[in-house]
Amino acid sequence: MNIQSKQKVFLLTLLSIVFLSFISCEEKKTIEKANDLTVSEGFKNPLGFYDATPTFSWKLPVAEGVKHQSAYQIVVASSEDLLPDNADLWDSGKQMTDQSVWVKYEGKPLESRQKVCWQVKYWNQDEDASAWSAVNHFELGLLNNSDWKAKWIGLDTKKEKILGSQDNIIHRPQYLRKGFELSNDVESARLYITAKGVFDVAINGEDVSDDVMPPGYTPYKERIETITYDIGDLIESGQNTIGVELASGWHSSRLGWRKELWVDTEAPKILCQLELTMKDGSKKVIVSDESWKATTNGPIRLSEIYDGETYDANLEMPNWTTNNFSDRNWEMVNTFPVTDAIRLEPKRHTTVKSKIELKAKEVVEKDGAFIFDFQQNMVGVPLLKVPMKKGETLKIRFAEKLSPDGSFYTKNYRTALSTNYYTASKDGVIEWMPKFTFHGFQYIELSGFDTSKTPSTDWVTGLVQYSDFEENGTFASSHEKLNQLQSNIVWGLRGNFFDIPTDCPQRDERMGWTADAQVFGPTSIFNADVYKFWASWLQSVRESQYENGGIPWVVPDVLFNNKVSAGWGDACAIIPWDIYNRTGDKRILEENFETMKGWVAYHQATTKDYISSMGFFADWLQPLPKNGDNRGDTSKSLIGTAFFAHSAKLTAQTAEVLGKKEEQAKYEALFKTVANAFENKFFDETGKVKGVEETQTSYLLALAYDLLSEGKQGNAKKYLLEKIAEADNHLRTGFLGTPLLSRVLDEMGDTDLMYKLLFNETYPSWFYSINQGATTIWERWNSYSKAEGFNPQKMNSLNHYAYGAIGEWVYERIGGIEPLEAGYKVIRIAPEPKSPLTSASAELNTPYGKVASSWEINEGTFTINVTIPPNTTAKVILPGTAESIEETNNIKAISSETGSEELLVQPGTYTFKSKL
Ligand code: RAM
């Protein structure tokens, strides 16, 4: 190499070094990509998705240099290789905004079956760009009835005229099958399926999914949900078989107490459509139609939600879902067309699954039967591994609690038999679990097994079943009973989120009682990822609204009595507002605004001079009512008027968020008028209740819903405190009043008293039931007591989440985490540390990421660790006098009053201390 070439090489090398170091500088500036991408109400890469107008959300990483978002770009394409540069469905372009959640899709219209891929990038507070996120995807289900080429099919199971426990026609479960041949290899395959009833499907001998009782429970006369499965791995070239088990489920069982509505229910049916794309690109569709065959001579003889399941192993049909089976003796099915009368829509929340396994802890003998104790009241089914002799029938009974003499307490199941039977076809250990029913229980009683064997706890495992959501928040403290209360709340949630929010999971009810739902909503949203669950149920609420605007007592409506109740129907306004507050998603308000308006109009129609005459459940199950009535002592008219005003106010607030100025003004004015009428009718000049019974709840409603003029508020507070003192500092509130206690006392600055009520050990209080052995929340403050046994009333559920509504206050004011701006965009961390607690901690997965607050008190020093997620800010309020806070870019002191210090804090993790 000559000198010149050497110089050239040298220069080139130098240039490349400069260039490379330039690039690596650039690389250093590339910030970590967004993660946890979801669509609509928190779906991750869903299949058979319901939403053709989705929203997009993502989280900024917890990483060096990432505090806030200054811009984003979303790209959406029909296939992954088009991303990010050739997005054929939508390119949002760079949007200068900090919005990282609920961004509306504005691309090309999406269709049934469409596959959609998307990714996002964001710019941080310094305008550094992230790399593109991982590609996420979703695939739409069948969105229109016209997408269905299949027919409803099933046998006429009424013909047999089997009568159930209430002389109602019950339907034998059906087994339906079809064989089909494919001449080509399959590339991809989807199964679209649903039932009027509940089903379980297998292909070529393999279970398609572990879903429990799909498709779930909706107002079936309006809408039935459909499910999509990816069955590509189950389909073989050549001969295939699909087999579906079908039982009554909610659709064709008795539900509620209007016998005339369920004495003669419609026979269950299935609808299914397999869509196959072959390797050569051709398509094939197999549908439910007249070519299917079915039988009722299978092993599941009976299956009812309230009454349980009966199984005869002698009737098992080995291999019936494989090619290796002859259905010669099976019947042809009846077919029924898909019409437009009932909308078929992809399920818009998760199916129920077996989520937790509980081991039995103890087994004891009682009168020849054996009782297994799980030491936890739970909901689901048992998995049984029990030695049996051929021909013997195992009887499986359930109970939430034992009577003091050790016998089974089943009185509170009322007419629900809640009993399973299993007949063995050979000697040996059976393995079985019921499929199309569920039970609420802590104890299982077995009889009829091989008595030469000694029962052991491993004979039964409890499969805890609920809608498939994950934990979203946690709370713990230094106080054992408060932790037990938290556990009881969580078990109440697990037990009563069985596809719909139920009041109770065990007796002849299990219905979507609307007040229970509205009081427990906020607590549930903290503990679990239940936005989709609620959004879906609210669709059922909308579909169930009466023409006159009334909202039924239960949703889905199985009572059809056109009756309403204040505090119950108001769920249609309260729940959307609570969800909006905790998610920041305006769509939940958009979807429910018209329903709220209809409900407010209904309220108005029941009033004279704005005073309500709406009746019914009132402050349900208030303890120690004067007249012994379950409806408590608070005036129904006062309650109705208070909720009328409150729903009008929520409708005004909703209109405001949605930018509907005129409606905002209209409902604000209505609120004021009603509040005024309320005050004049029920309160005297001094702010004391007049003309009706003076109760804790009457003051709580007036104060919580802001219904008194300023002058009277102070006195009303004083009277409330007097009422509480009169009750020896105990609550006297039912379903409606209880959640307001903490809200009002907190606003009054009386957290000492709220602590007192919460930590009370005597009746009525939360810890009272814990002292009596509760592992869930009970329907009544005294459902059971060690001294007096069971409450004599048969309406006595031991798994009823309503009083668990106190959770909201516990997380927000003991844990200290509260949204200051909808969706936790601005967070308030302001725990109220008080004796007897010395520490508490809470964590919550907000739409922006994890927020945490954990505090302890040690020798008069309060120490708190907080974590604030990216793209949010927090107001941290420290009790006492803060210890030397150094202001930085991330921490600014806002104000320091005697007794507390307020800080404005940017994303990150910090420790603060103060002297109490
Ligand atoms: C019972 C239950 C339910 C309640 C109704 C009014 O069915 O206690 O929770 O909402 O009554």
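Because the structure is predicted, anything quoted here is derived from the model rather than measured.

Colleague: Can you help me understand the overall build of the chain in this one?
Modeller: Scanning the chain from terminus to terminus reveals 15 helices and 52 strands. For the chain, the C-alpha radius of gyration of 30 Å lies close to 29 Å, the compact-globule estimate for 916 residues. Based on the C-alpha atoms only, the size of the chain along its principal axes is roughly 110 × 85 × 60 Å. Counting all 916 residues of the chain, 62% fall into the buried class. Contacts spanning at least 24 positions in sequence make up 73% of the contacts within the chain whose residues lie at least 6 apart. Carbon and sulfur atoms make up 47% of the accessible area of the chain, which amounts to about 35300 Å² in all. Positive and negative side-chain charges of the chain, numbering 97 and 124 respectively, have mean locations separated by a distance of 2 Å.

Colleague: For this particular structure, what's the right way to read the sheet that holds strand β20 (residues 293–295)?
Modeller: The strands that make up a sheet are held in pairs by hydrogen bonds between backbone atoms, and each pair lies either parallel or antiparallel. Spatially, β15-β14-β17-β12-β20-β23 is the arrangement adopted by the six strands of the open sheet, whose pairing is antiparallel. The open sheet has two edge strands with one neighbour each: β15 (206–207) and β23 (331–332).

Colleague: Sorry if this is basic, but what is going on with helix α3 (residues 480–496) here?
Modeller: Structural remark: α-helix, 3.6 residues per turn; residues separated by three or four positions point the same way. Across its 17 residues, α3 extends 24 Å between first and last C-alpha, which sits within 8% of the 24 Å expected from 1.5 Å per residue. Across the 17 residues that make up α3, a large majority, 12, are buried.

Colleague: I tried to follow the UniProt feature "domain: Alpha-L-rhamnosidase concanavalin-like" (unreviewed entry) in the chain on my own but got confused; where do I start?
Modeller: Here the UniProt-annotated "domain: Alpha-L-rhamnosidase concanavalin-like" (unreviewed entry) positions come out as residues 366–464. As annotated, residues 366–464 comprises 0% helix and 57% strand, and the C-alpha atoms at either end are separated by 25 Å.

Colleague: In this structure, what is going on with the UniProt feature "domain: Alpha-L-rhamnosidase C-terminal" (unreviewed entry) in the chain? I would like to understand it.
Modeller: As recorded in UniProt, the sites labelled "domain: Alpha-L-rhamnosidase C-terminal" (unreviewed entry) are residues 816–887. Measuring from the first to the last C-alpha atom of residues 816–887 gives 22 Å, for a span that is 0% helix and 58% strand.

Colleague: Would you explain the pairing of strand β35 (residues 460–467) in this entry?
Modeller: Strand residues, when the strand is regular, have side chains that alternate between the two faces of the sheet. Within β35, eight of the eight residues are buried, leaving the element largely enclosed by the surrounding structure. Sheet analysis places strand β26 (residues 352–359) next to β35, joined by seven bridges and oriented antiparallel. What sits directly across from I356, in β35, is V464. Pairing analysis gives five bridges linking strand β28 (residues 369–388) to β35, with the strands arranged antiparallel. Paired with L384 across the strands is V460, a residue of β35.

Colleague: How should I be thinking about the sheet that holds strand β50 (residues 891–897) in this particular structure?
Modeller: Judged by pairing direction, the sheet is mixed, and its five strands sit side by side in the order β43-β44-β48-β51-β50 without closing on themselves. One side of each edge strand has no neighbouring strand; the edge strands of this open sheet are β43 (817–819) and β50. Here the average twist between neighbouring strands, direction ignored, is 20 degrees. Pairing of strand β44 (residues 826–829) with strand β48 (residues 873–879) involves four bridges; the strand directions are parallel. Pairing of I829 across the sheet is with V876, part of β48. Contacts from helix α15 (residues 807–815) reach β43 and β44 within the one sheet, and its direction differs from that of β43 by about 110 degrees.

Colleague: Got a minute to help me understand the site of the ligand in this structure?
Modeller: Taken together, D503, R507, E509, W513, D516, W568, F617, W620, F735, E779, M795 and H800 make up all the residues around the ligand. Side-chain polar atom of H800 to an oxygen atom of the ligand: 2.7 Å apart, as the coordinates give it. Isolated, the ligand exposes 290 Å² of accessible area, and the fraction of that covered by the protein chains is 98%. Its residues assigned to classes, the shell around the ligand comprises six nonpolar, one polar and five charged.

Colleague: Explain the side chain of S112 here, please?
Modeller: Considering the arrangement of structural elements, one finds S112 in the loop between β6 (103–104) and β7 (115–124). Taking the relative accessible area as the measure of exposure, S112 reaches 12% and is therefore buried. A polar side-chain atom of S112 sits 2.9 Å from the main-chain amide nitrogen of L143.

Colleague: Help me out: how do you make sense of the pattern of salt bridges in this one?
Modeller: Opposite charge on two side chains allows them to pair when their charged atoms are near. Applying the stated rule across the entire model yields 60 salt bridges. A salt bridge links E445 to R397; the shortest N-O distance between them is 2.9 Å. Pair noted here: E445 is in strand β34 (residues 439–447) and R397 is in strand β29 (residues 393–399), with a separation of 48 residues, a long-range link. Of the charged contacts, one joins D450 and K453 as a salt bridge, the two residues approaching to 3.5 Å between their closest N and O atoms.

Colleague: What is the right way to read the nonpolar core from this model?
Modeller: One broad trend across soluble globular proteins is that nonpolar side chains are buried collectively. With 203 residues, the main nonpolar core has L446, L758 and I814 as its most contacted residues. For this core, the leading source of residues is helix α8 (residues 636–657), giving 10 residues. Beyond its immediate chain neighbours, meaning those up to four positions away, I814 contacts F475, L482, Y755, L758, W809, P831, L837, A840 and W855. Core analysis: the second largest hydrophobic core is formed by 31 residues, L155, L191, I231 and L274 among them.

Colleague: Explain the pairing of strand β12 (residues 174–182) here, please?
Modeller: Of all nine residues in β12, seven are buried, a share of seventy percent or more. As paired strands, β12 and strand β17 (residues 238–247) are joined by nine bridges and run antiparallel to one another. Residue R177 lies in a different strand from β17, and its bridge partner there is G243. Pairing of β12 with β20, which is carried by three bridges, proceeds in the antiparallel orientation. Residue pairing for β20: Y175 is matched across the bridge by T295.

Colleague: Please explain the packing of aromatic side chains as it appears in this structure.
Modeller: Think of a pair of aromatic rings as described by two things: how far the centres are apart, and how the planes are tilted against each other in angle. One pass over the structure, following the stated rule, counts 63 aromatic pairs. Centre to centre, the rings of W553 and F617 are 4.6 Å apart; their planes meet at 65 degrees, and the pair counts as edge-to-face. Placement of the pair is W553 in the loop between α5 (531–544) and α6 (571–583) and F617 in the loop between β40 (611–612) and α8, with a sequence separation of 64 residues. Judged by its relative accessible area of 7%, F617 is buried.

Colleague: What is the right way to look at the side chain of S769 in this model?
Modeller: Along the polypeptide, S769 turns up in helix α14 (residues 766–771). Looking at S769, the relative accessible area reads 11%, which means it is buried. When near neighbours in sequence (up to four residues on either side) are disregarded, S769 contacts A774, W778 and W781.

Colleague: Would you mind going over unusual backbone geometry with me for this structure?
Modeller: Backbone geometry follows two general trends: most residues other than glycine have a negative phi, and most peptide bonds adopt the trans configuration. Backbone torsion omega between Y763 and P764 reads -5 degrees, so that peptide bond is classified as cis. Structurally, P764 can be placed in the loop between α13 (751–759) and α14. For the peptide bond that leads from S835 to P836, omega is 10 degrees, which places it in the cis range. Phi at L621 is positive, roughly 60 degrees, even though this residue is not glycine.

Colleague: Hey, could you run me through the environment of I579 in this one?
Modeller: Locating I579 in the fold gives a position in helix α6. Relative accessible area serves as the criterion here: at 1%, I579 is assigned to the buried category. Between the C-alpha atom of I579 and that of E594, which follows or precedes it by 15 residues, the distance is 17 Å. Look past the residues within four positions of I579 in its chain and what remains in contact with it is I525, Y531, W534, L538, G584 and I588.

Rules and cut-offs
- Residues numbered from 1 in each chain as written.
- Predicted model: local features only at pLDDT ≥ 70, side-chain atom pairs only at ≥ 80, totals over all residues.
- Heavy atoms only, no water.
- Helix = DSSP H or I, 4+ residues; strand = E, 2+ residues; numbered from the N terminus.
- Rg over C-alpha atoms; globule rule 2.2 N^0.38 Å.
- Buried < 20%, exposed > 50% of the residue type's maximum accessible area, 1.4 Å probe, protein only.
- Contact = heavy atoms within 4.5 Å.
- Areas by Shrake-Rupley, 256 points an atom, 1.4 Å probe, with all protein chains shown as cover.
- Lys, Arg positive; Asp, Glu negative; His and termini not counted.
- Charge placed at Lys NZ, Arg CZ, Asp CG, Glu CD.
- Pairing = 2+ DSSP bridges.
- Expected span 1.5 Å × (residues − 1).
- UniProt positions renumbered as here; feature names shortened; annotations may be inferred.
- Axes fitted to C-alpha atoms, helices over the stretch in contact; angles between N-to-C directions.
- Near = heavy atom within 4 Å.
- Polar contact = N/O pair within 3.5 Å; in protein donor to acceptor, adjacent residues only side chain to side chain.
- Nonpolar A, V, L, I, M, F, W, Y, C, P; charged D, E, K, R; others polar.
- Salt bridge = Lys/Arg side-chain N within 4 Å of Asp/Glu carboxyl O.
- Core = buried A, V, L, I, M, F, W, Y, C linked by side-chain atoms within 4.5 Å.
- Phe/Tyr/Trp six-rings, centres within 6.5 Å; stacked < 30°, edge-to-face > 60°.

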